[in-house]
Amino acid sequence: MSLENILNKKLQTVFNNLGLDSKFAFVKVSDRPDLSDFQCNGALALAKAERKNPREIAANIASELEKDNDFSKISVDGPGFLNLTLSDDFIANSMDVAADDERFGVEKTSHPRRIVMDFGGPNVAKALHVGHLRSAVIGESIRRIEVFAGHDVISDVHFGDWGTQMGMILGEIILQDGNLAKTTSYNIDEISNFYKQANARCKEDEKAKEEARRITAELQSGHEEYYNAWQHLRKVSLEAIKKNYEVLDAHFDLWLGESDAHKASEEVVKLAKEQGASEVDAGATIIRLADDSKPPVILVKSDGGFGYQVTDIATIKMRYEDLKAQEILYVVDKRQSLHFEQVFEVVEKLGLAPNVKFKHIGFGTVNGADGKPFKTRDGGVMNLEDLITMSLDKVKESLPETADGYTAEDIEKMAKQIAIGAIKFQDLKNNTASGYIFELEDFAKFEGKTGPYIQYAIARINSILRKSKMNGGNIRITNKEERDLALKIDQLGAVINRAEAEKEPSVIAEYTYSLAQVFSSFYNASPIMNETNVEKAASRIRLAKLVRDILRLNLYLMGIEAPEAMLKK
Ligand code: ARG
């Protein structure tokens, strides 16, 4: 249990003993670290509620707390702030408890939920690009955070395999080959090329677009030849995409696609009709929303095909009925927020998933230095593979080409871990909803707020632990830096809770960076190797190990690997 939680318990007891409303009995990390470690503002809130003097209430609480040796100083300041300073022994004990626990004292939720997470969202025949990166990186991080918090998470990639792009590709192949006979011989690059050409054609040629829609609608209603060709396109794309996600270390429990919601989409349309919720408008079946400034939701398009919206609605029905989802999270570009508002409203209106909580975690775009979506040097779309190559090149600027005791493969593996870590950390350190400018020059540096800096901090502690050859002993607080470090460590649980509640990995990134910095100050002030007092040295070893393990956990929660050792040019 964190110090904060223990203090809350202590305050609750005192409040109860004094007959005060214990809903105000909680502390927070002090706003005035010069005065205290924690503060409680409960007396102010109570005084307001009961029209009493806040300083008097605070003084009563203080005199009860003074009987407790875990505090070294208690003061009432200003209008009635209660400032609490903890004894060094109390802090040290709490560190020992955290160090003994594989979760570092962070408790699991007492209300586990079944959460379905929808992220990734790749499409057939389209190479993953920078936009998909954010969904995979943020999605995977939130997935790990939810699992760590104790929730029961099912992740689903929601493959885009049933939309108009399918008719476009099939149409393009027919146009170029005369028929679909050769389709099953095409590999991913050829398929992507057909898609690119189809895309260009349909932008200019209304007829080609029309044809693509027709083919899509026929494919959806079971046209055998289209369906067989489609199966190949889907299979080859999925294999390519799986490799991409493997490199990114994003985990999906389910590899379902939009096509898997076809039957459920028919059921949704039928249900909406029966409930009198839908109407036919210009040949399309639609549902109007309560707020008529929002565009209506299209269930069936005028050509008879199912679109993006009904697919998502039907998928929710399946996630509720088959997966027993209690909460569904979507990690999707924030420009799709209207889509999700529409979808959630229709689901509610049709009663498809009662009591399920929905959340669209919308992320902003990755931009280049010019503030426009990030492109390759020659102005093309930045594919995931280009991005990783670019990051690898950058990382290699900081790594030696050879080193004693390392094979070329060892160094290559290290470079990859650092390169992916650099990309992910840069993405996750930014608030999810805001976009960011890709820091071409700095993102892979070994100093500053970067992934490699954290990885380096871990490797450095590993090296300290290896060299010291000593076992850790009980933790003792003997100087200010040890104390600051311990109080920082103590915030771990609150940080993870906040990241979970707000679905915001940047909270963890921020904390991780600051923990690494505080560790650095600690290490500068508190020698380990040269410390002659054996107990002090052993305590510091244990603290260092604890920090190393927490940094590793935090990187894990961001989907980043920590190399055991790190070389530097
Ligand atoms: N495939 C979609 C796209 O590329 C993203 C899918 C997001 N997930 C969802 N359930 N709609 O825009």
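Located above this text is the structure these notes cover.
Residues numbered from 1 in each chain as written. Predicted model: local features only at pLDDT ≥ 70, side-chain atom pairs only at ≥ 80, totals over all residues. Heavy atoms only, no water.

**Student:** Kindly report on the pairing of strand β11 (residues 357–363), identifying the contributing residues and their values.
**Tutor:** Pairing analysis gives 7 bridges linking strand β10 (residues 327–333) to β11, with the strands arranged parallel. The residue of β11 that forms the bridge with isoleucine 328 is phenylalanine 358. After leaving β10, the chain enters helix α12 (residues 337–350) and then returns to the sheet as β11, a path that is right-handed. (Pairing = 2+ DSSP bridges. Helix = DSSP H or I, 4+ residues; strand = E, 2+ residues; numbered from the N terminus. Right-handed = clockwise from strand over helix to strand, strands pointing away.)

**Student:** Lay out the packing of helix α6 (residues 164–177) against helix α7 (residues 188–204) in plain terms, naming residues and giving numbers.
**Tutor:** One can describe the packing of α6 onto α7 by two numbers: an axis separation of 8 Å at closest approach and a directional angle of 95 degrees. By the angle between their axes, α6 is roughly perpendicular relative to α7. When α6 is examined against α7, the residues Gln165, Met168, Ile169, Glu172, Ile173, Leu175 and Gln176 are found in contact with a partner set consisting of Phe194, Tyr195, Gln197, Ala198, Asn199, Arg201 and Cys202. The residue makeup of the contact of α6 with α7, split by class, is 8 nonpolar, 4 polar and 2 charged. (Axes fitted to C-alpha atoms, helices over the stretch in contact; angles between N-to-C directions. Parallel < 35°, antiparallel > 145°, perpendicular 65-115°, else oblique. Contact = heavy atoms within 4.5 Å. Nonpolar A, V, L, I, M, F, W, Y, C, P; charged D, E, K, R; others polar.)

**Student:** Outline helix α16 (residues 480–490), listing residues and values.
**Tutor:** Among the 11 residues of α16, 8 are classified as buried, and the element is accordingly described as predominantly covered. Along α16, the residues that are buried comprise Glu482, Arg483, Leu485, Ala486, Leu487, Lys488, Ile489 and Asp490. (Buried < 20%, exposed > 50% of the residue type's maximum accessible area, 1.4 Å probe, protein only.)

**Student:** Tell me about unusual backbone geometry, residues and numbers included.
**Tutor:** A positive phi angle, near 55 degrees, is found at lysine 469, a position not held by glycine. The backbone of lysine 503 shows a phi angle near 50 degrees, a positive value even though the residue is not glycine. In this structure, lysine 503 sits in the loop between α17 (492–502) and α18 (506–525).

**Student:** Break down the site of the ligand for me, with residues and values.
**Tutor:** In the vicinity of the ligand, the contacting residues are Asp118, Gly121, Asn123, His158, Tyr308, Asp312, Tyr330, Val332, Gln336 and Phe340. One of the side-chain nitrogen or oxygen atoms of tyrosine 308 is found 2.7 Å away from a nitrogen atom of the ligand. Within the side chain of aspartate 312, a nitrogen or oxygen atom sits 2.7 Å from a nitrogen atom of the ligand. Relative to its unbound accessible surface of 350 Å², the ligand loses 85% to contact with the protein. If you list the elements that add at least two residues to the shell around the ligand, you get α11 (308–321) and β10. Along the lines of polarity and charge, the residues of the shell around the ligand split into 4 nonpolar, 4 polar and 2 charged. (Near = heavy atom within 4 Å. Polar contact = N/O pair within 3.5 Å; in protein donor to acceptor, adjacent residues only side chain to side chain. Areas by Shrake-Rupley, 256 points an atom, 1.4 Å probe, with all protein chains shown as cover.)

**Student:** Could you give an account of the sheet that holds strand β9 (residues 297–300), naming the residues involved and the relevant values?
**Tutor:** Picture the strands of a sheet paired through backbone hydrogen bonds; they go either parallel or antiparallel. The sheet built from 3 strands is open, its strands ordered β7-β8-β9 with antiparallel pairing. Sheet topology places β7 (279–281) and β9 at the edges, where each strand pairs with a single neighbour. Strand-to-strand twist across the sheet, computed as the mean angle between neighbouring axes with direction ignored, equals 50 degrees. Where strand β8 (residues 284–287) and β9 come together, 3 bridges link them in antiparallel fashion. Bridged to isoleucine 286 within β9 is isoleucine 298.

**Student:** Lay out the side chain of glutamate 258 with the relevant residues and their values.
**Tutor:** Examined against the element boundaries, glutamate 258 turns out to sit in the loop between α9 (224–248) and α10 (262–274). No salt bridge is formed by the buried glutamate 258. Its closest oppositely charged neighbour is lysine 126, at 9.2 Å. Not counting the four nearest positions on each side in its chain, glutamate 258 is found in contact with His158, Phe159, Gly160, Asp161, Trp162, Gly163, Tyr308 and Thr311. (Lys, Arg positive; Asp, Glu negative; His and termini not counted. Salt bridge = Lys/Arg side-chain N within 4 Å of Asp/Glu carboxyl O.)

**Student:** Can you explain the environment of glutamate 510? Please cite residues and give values.
**Tutor:** For glutamate 510, the location among the structural elements is in helix α18. For glutamate 510, a relative accessible area of 39% translates into the label partly exposed. As for glutamate 510 and asparagine 93, which are separated by 417 residues in sequence, their C-alpha atoms are 26 Å apart.

**Student:** Go over the environment of valine 495 with me, naming the residues and quoting the values.
**Tutor:** With respect to the helices and strands, the residue valine 495 is situated in helix α17. Using a relative accessible area of 11% as the deciding quantity, one classes valine 495 as buried. With 12 residues separating them in the primary sequence, valine 495 and valine 507 have C-alpha atoms 6.6 Å apart. Apart from residues no more than four positions distant in its own chain, valine 495 is found in contact with Val507, Ile508 and Tyr511.

**Student:** Could you give an account of the sheet that holds strand β5 (residues 114–118), with specific residues and numbers?
**Tutor:** In space, the 4 strands of this open sheet follow the order β6-β5-β10-β11, with parallel pairing throughout. Edge positions in the sheet fall to β6 (152–156) and β11, since each has one partner strand and no second. Each adjacent strand pair in this sheet contributes to an overall mean axis angle of 20 degrees, direction not counted. The strands touched by α11 are β5, β6, β10 and β11; relative to β10, the strand with the most contacts, the crossing angle is about 150 degrees. Along the sheet face, α12 touches β10 and β11 and points at about 175 degrees away from the line of β11.

**Student:** Hey, could you go over a negative patch on the surface for me, with residue numbers and the actual values?
**Tutor:** A surface patch of negative charge is lined by Asp189, Glu190, Asp378, Glu385 and Asp386. Elements with a contribution of two residues or more to the negative patch: α7 and α13 (384–398). With respect to the secondary-structure elements, aspartate 378 resides in the loop between β12 (366–367) and α13. Residue aspartate 378 is classed as exposed on the basis of its relative accessible area, which comes to 73%. (Patch = residues over 30% accessible without salt bridge, like charges linked within 9 Å, V, L, I, M, F, W, Y side chains within 5 Å. Charge placed at Lys NZ, Arg CZ, Asp CG, Glu CD.)

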